[in-house]
Amino acid sequence: MVIPFRGVDFLEFDSLLNDDERLVRSTARQFIEENLIPIIEECNRAGRFPRELVKPMAALGFYGASLQGYGCAGMSNVEYGLVMQELERGDSGLRSFVSVQSALVMYPIYTFGSDEQKQQWLPALQSGEKIGCFGLTEPDFGSNPGAMRSRARKSGREYILNGEKMWITSGSIADVAMIWAKVENPKEEKDERNTRNTKDECVRGFLVETDRPGFKAQDIHGKWSLRASVTSGLSLQDVRIPESNLLPATQGLKSPLMCLNQARYGIAWGAIGAAMACYDCALQYAQLRKQFHDKPIASHQLVQEKLAWMVTEITKAQLLALQVGRLKDEKKTQHQHVSMAKRNNVWMALECARLSRDILGANGVADDYPIMRHMMNLESVKTYEGTHDIHTLILGQNITGLDAF
Amino acid sequence: MKILVCMKQVPQKDAPLKLNAGGTWIREDVSYEVNEPDAYALEEALRQKEKNGGEVIVITAGPGRAQQVLREALAKGADRAIHLEDDAFVGFDALNMARALAAVIKAEPFDLIFTGLQSDDYGYAQTGVILAELLGIPHATIVMQIESSGDGIRVKRELEAGYFQFVEMPLPAVLTIQSGINKLRYATLLGIKQAKNKPLRKITLAELQSAVPAGAAGNLQKIERLYVPQKTKNTEFIQGTPAEAARTIVEKLRNEVRVI
Ligand SMILES: Cc1cc2nc3c(=O)[nH]c(=O)nc-3n(C[C@H](O)[C@H](O)[C@H](O)COP(=O)(O)OP(=O)(O)OC[C@H]3O[C@@H](n4cnc5c(N)ncnc54)[C@H](O)[C@@H]3O)c2cc1C
Ligand SMILES: Cc1cc2nc3c(=O)[nH]c(=O)nc-3n(C[C@H](O)[C@H](O)[C@H](O)COP(=O)(O)OP(=O)(O)OC[C@H]3O[C@@H](n4cnc5c(N)ncnc54)[C@H](O)[C@@H]3O)c2cc1C
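Residues numbered from 1 in each chain as written. Chains lettered and ligands numbered in written order. Predicted model: local features only at pLDDT ≥ 70, side-chain atom pairs only at ≥ 80, totals over all residues.

Trainee: What is the right way to read the overall build of chain A from this model?
Mentor: Scanning chain A for helices and strands turns up 12 helices and nine strands. Here the C-alpha radius of gyration of chain A, 22 Å, is about what a compact globule of 405 residues would show, namely 22 Å. A principal-axis box enclosing the C-alpha atoms of chain A has dimensions of 80 × 45 × 40 Å. By residue count, 51% of the 405 residues in chain A fall in the buried class. The long-range share in chain A, meaning contacts at least 24 apart out of those at least 6 apart in sequence, stands at 78%. (Helix = DSSP H or I, 4+ residues; strand = E, 2+ residues; numbered from the N terminus. Rg over C-alpha atoms; globule rule 2.2 N^0.38 Å. Buried ≥ 20, exposed ≤ 12 C-beta atoms within 10 Å, placed from the backbone. Contact = placed C-beta atoms within 7 Å.)

If you want it as structure tokens, here you go:
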């Protein structure tokens with residue numbers, strides 16, 4: 001049984017959007033419906049990233065959509081969020097690819113890069129000619145990246161990079177890796193404009209072309225989540241890069257955290273897409289599926305309770321994401337706002353996936369329906385970009401003023 | 001080549017329909033989309049422009065909400081848009097609509113005017129034909145292909161049962177475009193942003209006073225009543241040998257259910 005996606009709008013949410021925002025959403029929705037939905041279950045089974053969609057997504061302007069210039073569309077944050085929602089309605093893996101390319105690779109080059117770096121990389125990344133990845137997490141450091149072991153050593157006009165990165169989306173298909181490493185000898189490295197001396201200061205970002213000697217990427221196999229996305233481990237052994245590959249304006253751990261904040265914002269919207277896909281499927285299924293007295297299971301109180309819970313949570317999540325987006329467009333958003341949206345929306349999406357799975361009974365575990373795939377995907381989404389619990393601590397720190405990490 | 005594309009906003013095909021209280025039309029608060037054949041007409045116009053140069057102008061008649069159709073067309077590459085804006089246009093029949101459109105077109109000549117083959121809501125398939133008549137120019141319906149030929153064009157028309165007709169015609173002309181004749185493009189995000197700066201002219205019903213003096217009251221057609229078809233369960237047993245039964249089923253699937 002094919003269940004077409006109809007969107008979820010319980011509280012006239014659409015009336016809060018303008019014409020452009022609705023048009024952006026419908027473009028992305030149509031693209032996903034026509035290009036991803038027909039192949040996604042096959043991709044998921046095979047553990048295959050649908051690379052054939054990289055260029056078509058570029059043609060629509062999905063990469064770096066909220067940046068200005070360099071071929072980018074200059075979308076508002078709400079428009080960007082709606083694109084993320086529609087991508088993740090299709091699959092979290094495809095959305096992850098776009099998030100990484102946009103928020104974790106193009107954004108840092110745009111924000112911290114030199115003019116030459118921007119000219120060299122942004123148009124190529126925007127057009128999908130080049131693919132990027134973001135290497136922050138290491139085998140031993142995930143939630144606490146500040147303790148990373150990766151090191152960059154200055155040698156003449158070069159940096160020599162050493163370290164291991166783990167769980168890197170698009171790692172083995174990337175042309176360029178945005179590598180975060182600590183600069184050894186920060187005293188020599190530091191110039192006059194920076195006199196502060198905190199421990200984080202030496203974390204800096206480097207653009208590493210992946211064909212440089214000493215750079216290796218190996219895919220992680222056996223993932224039960226984001227199977228349509230490539231996840232790799234990176235190894236850097238004496239990788240030499242010219243000093244011009246250092247992103248000049250990166251300064252300490254707050255630089256990668258700014259990138260993550262961009263990506264988390266997109267995830268807060270993306271999760272709504274996954275939740276909508278599950279809920280809408282479960283609702284339609286429940287209206288068709290009959291059990292007991294020849295009545296649709298949607299007529300049973302327990303099923304209605306699940307549906308009512310889901311539509312309420314999705315509606316709340318929409319309003320939360322929209323408010324954070326509007327604040328972001330006014331440049332008023334703060335990192336704890338984004339944490340709240342990421343934490344809440346991914347959690348509610350995962351609960352929606354579980355409830356929807358339940359409503360489909362045995363059919364819920366099969367890939368004739370998208371629900372179990374979303375559920376498995378969302379487990380990664382819950383963990384990456386700051387785990388659910390880490391965002392709890394960010395909120396806790398913000399409201400109490402006390403650090404509980 | 002200067003091409004005008006007439007586009008209409010219609011209730012979404014697969015959304016549940018809600019009838020108004022009087023049972024004469026669909027309620028306003030449903031979801032809307034671009035009439036499907038109109039989307040193909042726009043695509044064809046954009047392709048003609050890419051091949052031969054020129055300008056693509058889109059026009060719609062409808063309430064404020066119909067502007068979305070124009071925005072989308074501009075985002076896909078149309079150069080400018082004209083909006084005949086009034087709630088009353090929703091109730092116009094094909095003749096009245098053609099009169100309103102003709103009034104605008106007479107003031108600004110075009111080489112080609114495209115409409116969709118028909119609208120997904122009323123399904124008249126008349127607006128384009130009447131429009132050509134009012135403008136005193138030739139038309140061709142159910143157009144599948146357009147090529148330039150000398151000073152004019154050569155079009156391929158769809159007939160029934162897999163037959164086609166090729167027609168040579170002079171310009172200017174009105175063509176009603178069939179769905180599926182090309183592959184629709186997406187509005188790109190950059191296109192959506194750029195559309196903001198493209199001209200969109202609004203024309204009120206009052207400005208069209210001389211063409212449609214009575215508004216919707218000038219309609220020649222009237223919808224008496226709309227209703228949702230009653231669902232009845234009807235099980236039919238097909239008799240005969242397996243071969244006969246198979247033949248009957250194929251016949252029914254082809255002619256009654258029309259799925260093969
Ligand atoms: C599919 C996938 C793709 C990814 N892509 C990327 C990528 O492209 N680039 C990248 O750099 N990283 C990527 N990651 C890594 C991701 O960001 C990390 O997995 C995440 O930061 C969590 O780190 P960890 O896995 O080491 O878990 P840990 O940090 O070991 O955490 C384990 C558990 O301990 C909890 N915990 C940790 N510290 C505390 C504390 N102080 N108090 C309470 N609880 C705590 C966590 O909440 C979690 O539940 C990806 C991960 C996945 C699964
Ligand atoms: C991997 C797997 C192996 C299996 N192996 C076997 C096997 O070996 N033999 C076998 O016979 N079966 C087997 N089953 C089938 C299993 O027992 C059924 O899936 C189960 O009974 C639920 O039925 P259903 O899938 O048709 O869901 P449905 O009965 O359609 O239920 C769908 C949803 O509606 C809810 N619901 C239904 N009725 C009501 C009500 N009155 N009030 C409130 N809520 C209601 C359910 O709780 C559920 O959430 C297997 C299933 C799986 C997934």
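Trainee: Looking at this structure, I do not really get the packing of helix H5 (residues 92-112) of chain A against helix H8 (residues 254-288) of chain A. What am I missing?
Mentor: Packed helices, taken two at a time, are described by their axes: the angle between them and the distance between them. Residues and elements named next belong to chain A. At a minimum axis distance of 9 Å, the contact between H5 and H8 shows a crossing angle of 150°. Classified by the angle between their axes, H5 and H8 sit roughly antiparallel to one another. Of the two possible hands of crossing, H5 and H8 adopt the one that is right-handed. Residues Ser92, Arg95, Ser99, Ala103, Leu104, Tyr107, Pro108, Thr111 and Phe112 of H5 form the contact with H8, whose participating residues are Ser255, Met258, Cys259, Gln262, Ala263, Gly266, Ile267, Gly270 and Ala274. In terms of residue class, the contact of H5 with H8 is made up of 10 nonpolar, seven polar and one charged. (Axes fitted to C-alpha atoms, helices over the stretch in contact; angles between N-to-C directions. Parallel < 35°, antiparallel > 145°, perpendicular 65-115°, else oblique. Left-handed = near helix turned anticlockwise from the far one by under 90°. Nonpolar A, V, L, I, M, F, W, Y, C, P; charged D, E, K, R; others polar.)

Trainee: Quick question: what am I supposed to make of the site of ligand 2 here?
Mentor: Residues and elements named next belong to chain A. Around ligand 2 lies a shell formed by Arg289, Gln291, Phe292, Ile297, His300, Leu302, Val303, Asp358, Ile359, Gly361, Ala362 and Val365. Those elements that provide at least two residues to the shell around ligand 2 are helix H9 (301-329) and helix H10 (335-359). For the shell around ligand 2, the per-class residue count stands at seven nonpolar, three polar and two charged. (Near = placed C-beta within 6 Å.)

Trainee: Quick question: what am I supposed to make of the sheet that holds strand E6 (residues 112-116) of chain B here?
Mentor: Note on sheets: strands pair through backbone hydrogen bonds, and any given pair is parallel or antiparallel. All names here are of chain B. Read from one edge to the other, the open sheet built from nine strands follows the order E9-E8-E7-E10-E6-E1-E4-E5-E11, with strand pairing classed as mixed. Each having just a single partner strand, strand E9 (164-169) and strand E11 (200-204) make up the two edges of the open sheet. In this sheet, adjacent strand axes meet at a mean angle of 30° when their direction is disregarded. In this sheet, E11 lies alongside strand E5 (residues 80-85) in parallel orientation, the contact comprising five bridges. Note that in E11 the partner of histidine 83 across the bridge is lysine 202. Here helix H1 (residues 36-52) sits on the sheet in contact with strand E1 (2-6), strand E4 (55-62), E6, strand E7 (139-149) and strand E10 (173-177), set at roughly 150° to E6. Sheet contacts for helix H2 (residues 67-76): E4, E5 and E11; angle to E5, the most-contacted strand, approximately 175°. (Pairing = 2+ DSSP bridges.)

Trainee: Mind showing me how you'd approach unusual backbone geometry here?
Mentor: A negative phi holds for most residues other than glycine; trans holds for most peptide bonds. Cis rather than trans, the peptide bond between leucine 171 of chain B and proline 172 of chain B has omega equal to -5°. Inspection of the secondary structure puts proline 172 of chain B in the loop between E9 and E10. Notably, aspartate 294 of chain A is not glycine yet its phi reads approximately 55°, a positive angle. By the element assignment, aspartate 294 of chain A lies in the loop between H8 and H9.

Trainee: Just to check I follow, could you spell out helix H1 (residues 19-35) of chain A for this structure?
Mentor: An α-helical turn contains 3.6 residues, so any two residues separated by three or four positions project in the same direction. Spanning 17 residues, H1 of chain A covers 24 Å between terminal C-alpha atoms, matching the ideal 24 Å at 1.5 Å per step. Restricting attention to buried positions, one finds in H1 of chain A the residues Asp20, Glu21, Leu23, Val24, Arg25, Thr27, Ala28, Arg29, Phe31 and Ile32 of chain A. (Expected span 1.5 Å × (residues − 1).)

Trainee: Would you mind showing me how to read the site of ligand 1 here?
Mentor: Residue and element names in this part refer to chain A. In the vicinity of ligand 1 lie 20 residues, with Thr137, Gly142, Ser143, Thr169 and Thr387 positioned nearest. Put simply, the parts of the chain that give the shell around ligand 1 at least two residues each are strand E3 (132-135), strand E5 (158-169), helix H11 (371-383) and helix H12 (388-400). Looking at the shell around ligand 1, you find at least three residues from each of domain 2 (132-252) and domain 3 (255-400). (Domains from an automatic or database assignment.)

Trainee: What am I meant to see in the domain arrangement of chain A here?
Mentor: Many analyses report the size of an interface as the accessible area lost when the parts associate. Residue and element names in this part refer to chain A. For chain A, the assigned domains are domain 1 (13-126), domain 2 (132-252) and domain 3 (255-400). Centre-to-centre, using C-alpha coordinates, domain 1 lies 20 Å away from domain 3. Listed as interface residues are 28 residues of domain 1 and, on the opposing side, 28 residues of domain 3. Looking at the side of domain 1 that touches domain 3, the elements that each hand over two or more residues are helix H2 (37-46), helix H4 (77-90) and H5. Considering only residue class, the side of domain 1 that touches domain 3 consists of 12 nonpolar, nine polar and seven charged.

Trainee: What's the story with the interface of chain A and chain B in this structure? I'm lost.
Mentor: With 15 residues of chain A at the interface, the matching set in chain B holds 13 residues. Among the secondary structure elements, those contributing two or more residues to the side of chain A that touches chain B are H1 and helix H3 (54-60) of chain A. At seven residues, H1 of chain A tops the list of elements feeding residues into the side of chain A that touches chain B. Along the lines of polarity and charge, the residues of the side of chain A that touches chain B split into nine nonpolar, four polar and two charged.

Trainee: Would you mind showing me how to read the pairing of E6 of chain B here?
Mentor: A regular strand places its side chains so that they alternate between the two faces of the sheet. All names here are of chain B. Burial within E6 is extensive, with five of its five residues counted as buried. Neither face of E6 is exposed, since Leu112, Phe114 and Gly116 on one face and Ile113 and Thr115 on the opposite face are all buried. Direction of pairing for E1 relative to E6: parallel, over a ladder of three bridges. The residue of E6 that forms the bridge with isoleucine 3 is leucine 112.

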